[in-house]
Amino acid sequence: MFDTSLFRKNFESKKLLFDELMSGHTTFKIGGPAALMVLPDCQGDIVTALELAELVGVRAFVMGGGSNLLVNDDGIDAVVIKLSKGFSDIEVDGEAITAQAGVSLARLAAFAHQHGLAGLEFASGIPGSLGGAVYMNAGAYGEEMSDRVRSAKLLEDGEVVDCDNACLGFSYRTSSVQAEGKLVLSATLSLSPGDPREISAKMDELAKRRRDKQPLECPSAGSTFKRPQGQFAGRLIEDAGLKGYVIGGAQVSPKHAGFIINTGGATSRDVLDLFEHIQEQVFKRFGVRLEPEVKIV
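What comes next concerns the included structure.

What counts as what
- Residues numbered from 1 in each chain as written.
- Predicted model: local features only at pLDDT ≥ 70, side-chain atom pairs only at ≥ 80, totals over all residues.
- Heavy atoms only, no water.
- Helix = DSSP H or I, 4+ residues; strand = E, 2+ residues; numbered from the N terminus.
- Buried < 20%, exposed > 50% of the residue type's maximum accessible area, 1.4 Å probe, protein only.
- Polar contact = N/O pair within 3.5 Å; in protein donor to acceptor, adjacent residues only side chain to side chain.
- Core = buried A, V, L, I, M, F, W, Y, C linked by side-chain atoms within 4.5 Å.
- Contact = heavy atoms within 4.5 Å.
- Pairing = 2+ DSSP bridges.
- Axes fitted to C-alpha atoms, helices over the stretch in contact; angles between N-to-C directions.
- Salt bridge = Lys/Arg side-chain N within 4 Å of Asp/Glu carboxyl O.

**Quick notes on unusual backbone geometry**
Where the residue is not glycine, phi is negative for most of them; where a peptide bond is considered, it is trans in most cases. Although it is not a glycine, D157 adopts a positive phi angle of roughly 55 degrees. When you line up the elements, D157 lands in the loop between β11 (149-156) and β12 (159-164). Of note, R173 is a non-glycine position whose phi angle comes to about 55 degrees, a positive value. By the secondary structure assignment, R173 is in the loop between β12 and α5 (176-179). Judged by relative accessible area, R173 falls into the buried class, the value being 11%.

**Considering the side chain of K15**
Within the fold, K15 resides in the loop between α1 (5-10) and β1 (16-21). Judged by its relative accessible area of 9%, K15 falls in the buried class. Polar contacts involving the side chain of K15 include one to the side chain of D41, which spans 3.1 Å.

**Here we look at the nonpolar core**
The nonpolar side chains of a soluble globular protein tend to be buried, and buried together. Grouped together as the largest cluster of nonpolar side chains are 57 residues, with contacts concentrated most on F7, V79, L108 and L120. In contact with L108, other than residues within four places in its own chain, are I90, I97, A99, V103, L120, L130 and L189. Membership of the second largest hydrophobic core comes to 24 residues, among which are L70, L242, A250 and L272.

**Notes on the sheet that holds strand β18 (residues 259-262)**
Paired through their backbone hydrogen bonds, the strands of a sheet run either parallel or antiparallel. Overall, antiparallel pairing links the four strands, which are arranged β15-β18-β17-β16 in an open sheet. Each edge of the open sheet is held by one strand with a lone partner, namely β15 (220-223) and β16 (246-247). The sheet strands contacting helix α8 (residues 268-286) are β16, β17 (250-252) and β18, and the helix crosses β17 at an angle near 30 degrees.

**What about the pattern of salt bridges?**
This model, assessed by the stated rule, comprises 17 salt bridges. Between E180 and K182 there is a salt bridge, and its shortest N-O distance comes to 2.7 Å. With a shortest N-O distance of 3.6 Å, R269 and E276 are connected by a salt bridge. The partly exposed category is assigned to E276, whose relative accessible area is 38%. Connected through shared salt-bridge partners, E12, K14, K15, D41 and D45 make up one network.

**Observations regarding the pairing of strand β2 (residues 33-38)**
Counted residue by residue, β2 has five buried out of six residues, so it is predominantly covered. Of the strand pairs in this sheet, β1 and β2 are connected by five bridges, and their pairing is antiparallel. Following the sheet pairing, L17 is matched in β2 by M37. Summarising the sheet, β2 and strand β5 (residues 76-82) pair through four bridges and their orientation is parallel. The residue of β5 that forms the bridge with V38 is I81.

**Looking at the environment of E91**
Residue position: E91 is located in strand β6 (residues 90-93). We classify E91 as exposed; its relative accessible area is 53%. Counting along the chain gives 97 residues from E91 to T188, while the straight-line C-alpha distance between them is 9.5 Å. When near neighbours in sequence (up to four residues on either side) are disregarded, E91 contacts A96, I97, T98 and F111.

See below:
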């Protein structure tokens, strides 16, 4: 455990959590304690936390809703900066919405619906936050965040940088933000006017498709592997005979082979072993190397 006295001096106690179990902050419900978690409610808090982490010589890890993370059971000896409820302002300006990185995609889609703006229906059922969605170019049903992000404010070496869509370097499930280790502070999305009833109907339709096809009733980190070119990871896993395969408390979902679920008490080791087994079997059968979409911490 590193010296946390500087953090205690610079932050209100309500913004600091010590030895906080990460299992309570990830949709996988897996992960040991974070030595220190900072809950910022402004840009200055983030900058201060990053500066203090560097000063005391400890790693800083920034997270959002925890929907795409697998955290080690031993925990994280680091400063975890969680952008969530305290970093979740939204405002609308005509056909554009600007929101801070901690805003959940569900709330963002609902806000757009309330203001008669279409284009975020696909994101209404994606767990996680706006910052993470920009970071990894989240998407579903043929649409991606790159289709809607006009610009973003990034934190780079302590400085705020404005980036338009082109300089964000979006591609399938990644961006220059991820590749270059930057931090999303906020993003402005370009939407279009829509009939609230039609927007609602599309959100309901996509929600039903998710309920019918995805294991939403079980803890998971969403789609486990990135889609290989010209293939579907879930189909390859199922065709390899692994649908329902179990290691410890981790299981390839019997409902959708593209998801690994926590059946209760799964450890990070269970999940990693299952990752490796899937990768080995799919490569052995089809010569395709599956790349995890889940970030392993």
